[in-house]
Amino acid sequence: MNAGLEIALESLRDGYVQVSAFVAVTVLAFAFVQYRTNGALVAKIEEHERLQPLFGALMGLTPGCGGAIVMMPLYVRGTVSFGTVVATLAATAGDSAFVIIALAPEAALYAYGLAFVAAVGFGYLVDTTGMGVSRIDAAVARFSPATTDGGTTVRKTVGPNPGHEYPGGAPTHAHKTGPDRHSTVLTPLSHVAHVAWWVAAAAGLVLGVVFLLRGGPEVALTVGPTFDGAFTVVGITGTLLSLFLYVVGRHYIGEGSVGRARESFASGYEALLHAAMETSFVTVWVIGAYLIYEYGLVMTGIDIAATAAAAGALAPIAGAAVGVIPGCGPQIVLAGVYAEGGLPFSALVANAISQDGDALFPLLAIDKKAAVVATVYNVIPAVVVGLLTYAVWGPVLGMPEFGFGVL
């Protein structure tokens, strides 16, 4: 098979099974809670402003990116503060968490514990002091105009310190839930695609869990009654259904304005529909990132894992730098290298803090400036905590720098 086509098909497959299926479960869980409580959860988050960074970090800490993805639209609509966004993204474990938990559970406990503490502390620091966010915001604005949905270029935080300015726009327009088009063919076809999408998501979740429990092995691009064959068929089918729902289906069965938080749902089916549309939206961005990343590696020949492993005392900085790359692909590679003993624990900690996983994609699509600023701020605690870990973990505590916690 042509190498370029093989990369494309593998990206379509892996993005859905390794990312989208897990995101779907988290988004659906949040939507179902909203449905059962008639919107009480979002209302509680909005009311308890001082607890928002803590709640955001807890959502980010859930393995995978689904919990963090749920939080991004809440910022766009003005429900949570920018410090909450920073805390959520800094604590985001991403899909690499599944690899570390399976192969080095003790390392995962310490690394993500440190990431959680750093995320909460830095999130509150941003909300209470501003941390010069408005200056970074203005610097980013020189390179790219704001892209908010009908808002201004500055948002006042809804957190503990409303005097500071943060990236983003004014609260967005009302969430568009109903279909804006009708067709005797495309309307029923979109409903069928929606149901088929959930079948693929359920199958993808099972395959994804098995894949991670096996330690993330190489999966052949094949079709047949084998694990590799099912992985390929389900992954590509799920991605194609996601593309259809995102491009066509949302206009004929509702949820046309994706990437927005919903206050409540009228029925369980509406919650399912919302979760499918939101996940399809994320899938489009994830697949794009996978393709850019994979083709970029082929064109440049850069070995990210080897570069980070050979950095020596600069390994934590290298780990933090890899975490800046959107998506979970590079982070999963780094997690695998750590499990093989090729990366120090301090680099794993720095990467755990700086990585945003796939949670950054919804924010990038809706408010690019806020996404860039949040990424810049996540690097700060990642480098600081990573270097402190490097200085203390082995020399002071006497803990192994390589292979700690690996089964």
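What counts and what doesn't
- Residues numbered from 1 in each chain as written.
- Predicted model: local features only at pLDDT ≥ 70, side-chain atom pairs only at ≥ 80, totals over all residues.
- Heavy atoms only, no water.
- Helix = DSSP H or I, 4+ residues; strand = E, 2+ residues; numbered from the N terminus.
- Buried < 20%, exposed > 50% of the residue type's maximum accessible area, 1.4 Å probe, protein only.
- Contact = heavy atoms within 4.5 Å.
- Areas by Shrake-Rupley, 256 points an atom, 1.4 Å probe, with all protein chains shown as cover.
- Core = buried A, V, L, I, M, F, W, Y, C linked by side-chain atoms within 4.5 Å.
- Axes fitted to C-alpha atoms, helices over the stretch in contact; angles between N-to-C directions.
- Parallel < 35°, antiparallel > 145°, perpendicular 65-115°, else oblique.
- Left-handed = near helix turned anticlockwise from the far one by under 90°.
- Nonpolar A, V, L, I, M, F, W, Y, C, P; charged D, E, K, R; others polar.
- Phe/Tyr/Trp six-rings, centres within 6.5 Å; stacked < 30°, edge-to-face > 60°.
- Lys NZ or Arg CZ within 6 Å of the ring centre and 35° of its normal.
- Polar contact = N/O pair within 3.5 Å; in protein donor to acceptor, adjacent residues only side chain to side chain.
- Expected span 1.5 Å × (residues − 1).
- Patch = residues over 30% accessible without salt bridge, like charges linked within 9 Å, V, L, I, M, F, W, Y side chains within 5 Å.
- Salt bridge = Lys/Arg side-chain N within 4 Å of Asp/Glu carboxyl O.

(A) Representation of the overall build of the protein chain within the structure. Counting its regular elements, the protein chain contains 17 helices and 2 strands. Classification of the 407 residues of the protein chain by burial places 52% in the buried group. Taking contacts inside the protein chain between residues at least 6 apart in sequence as the whole, the part at least 24 apart equals 78%. Here the protein chain displays about 15900 Å² of accessible surface, and carbon together with sulfur accounts for 68% of that area.

(B) Spotlight on the nonpolar core. Tyr75, Phe82, Val85, Leu89, Trp197, Trp198 and Leu363 are the most contacted members of the largest nonpolar core, which has 51 residues in total. Contacts of Trp198, omitting those with residues within four sequence positions, involve Ala24, Leu28, Leu272, Ala275 and Ala276. With 36 residues, the next largest nonpolar core counts Phe116, Ala118, Val349 and Ile353 among its residues.

(C) Looking closely at helix H5 (residues 82-91). Taken across its 10 residues, H5 has 10 buried, putting it largely inside the fold. Along H5, the residues that are buried comprise Phe82, Gly83, Thr84, Val85, Val86, Ala87, Thr88, Leu89, Ala90 and Ala91.

(D) Quick peek at the packing of helix H3 (residues 52-61) against H5. Interhelical geometry of H3 versus H5 gives an angle of 25° and a closest axis separation of 7 Å. Of the possible angle classes, the one that applies to H3 and H5 is roughly parallel. As for the relative orientation of H3 and H5, their crossing is right-handed in sense. Counting all contacts with H3, which are made through Gln52, Pro53, Gly56, Ala57, Gly60 and Leu61, the residues of H5 involved are Thr84, Ala87, Thr88 and Ala91. Its residues assigned to classes, the contact of H3 with H5 comprises 5 nonpolar, 5 polar and no charged.

(E) Structural detail: the packing of aromatic side chains. For the coordinates displayed, the defined rule picks out 12 aromatic pairs. When the ring of Trp197 is compared with that of Trp198, the centres are 4.9 Å apart and the planes differ by 90°; the resulting orientation is edge-to-face. Judged by centre distance (4.9 Å) and plane angle (80°), the rings of Trp393 and Phe404 are edge-to-face. Of this pair, Trp393 sits in the segment after helix H17 (368-392) while Phe404 sits in the segment after H17; the two residues are 11 residues apart in sequence, bridging distant segments of the chain. Exposure remark for Trp393: the relative accessible area of 9% places this residue in the buried category. Here Phe404 falls in the buried class, since its relative accessible area comes to 5%. Over the ring of Phe227 we find Arg214; its NZ or CZ atom is 4.4 Å from the centre of that ring. Positioned above the aromatic ring of Tyr246, the side-chain terminus of Arg250 is 4.6 Å from the ring centre.

(F) Spatial organisation of the packing of helix H13 (residues 315-324) against H17. Where H13 contacts H17, the axes come no closer than 8 Å and their chain directions differ by 155°. With respect to each other, H13 and H17 are oriented roughly antiparallel. As for the relative orientation of H13 and H17, their crossing is right-handed in sense. Facing Pro316, Ile317, Ala320 and Val324 of H13, the residues of H17 in contact are Thr375, Val379, Ala382, Val383, Gly386, Leu387 and Tyr390. By residue class, the composition of the contact of H13 with H17 is 9 nonpolar, 2 polar and no charged.

(G) A look at the side chain of Ser190. Mapped onto the elements, Ser190 comes out in helix H9 (residues 186-213). Within the local environment of Ser190, its side chain forms a polar contact with the backbone oxygen of Leu186, the two atoms lying 2.6 Å apart. Excluding anything up to four places from it in sequence, Ser190 contacts Phe244, Leu245, Gly249, Tyr252 and Ile253.

(H) Structural context of H9. With 28 residues, H9 should cover 40 Å at 1.5 Å per step; its first-to-last C-alpha distance of 39 Å lies within 8% of that length. Where H9 terminates, the next one or two residues include Gly215, which has phi positive at roughly 85°.

(I) Expanded view of the side chain of Ser280. The residue Ser280 is located in helix H11 (residues 268-300) in this model. Here the side chain of Ser280 touches Ala276 through a polar contact of 2.8 Å, landing on its backbone oxygen.

(J) Spatial organisation of a nonpolar patch on the surface. Nonpolar side chains collect at one region of the surface, where Leu51, Leu54 and Leu58 lie side by side and expose about 240 Å² of accessible area between them. With respect to the helices and strands, the residue Leu54 is situated in helix H3. Residue Leu54 is classed as partly exposed on the basis of its relative accessible area, which comes to 31%.

(K) Examining the pattern of salt bridges more closely. A complete count under the given rule lists 1 salt bridge for this structure. Measuring nitrogen to oxygen at the nearest pair gives 2.8 Å for the salt bridge that ties Arg13 to Asp14.

(L) A look at the environment of Tyr35. Mapped onto the elements of the fold, Tyr35 is located in helix H1 (residues 3-37). You can call Tyr35 partly exposed: its relative accessible area is 27%. Taking the C-alpha atoms as reference points, Tyr35 and Phe265, 230 residues apart in sequence, are found 4.8 Å from one another. Those residues in contact with Tyr35 that sit more than four places away from it in its chain are Phe265, Ala266, Ser267, Gly268 and Ala271.

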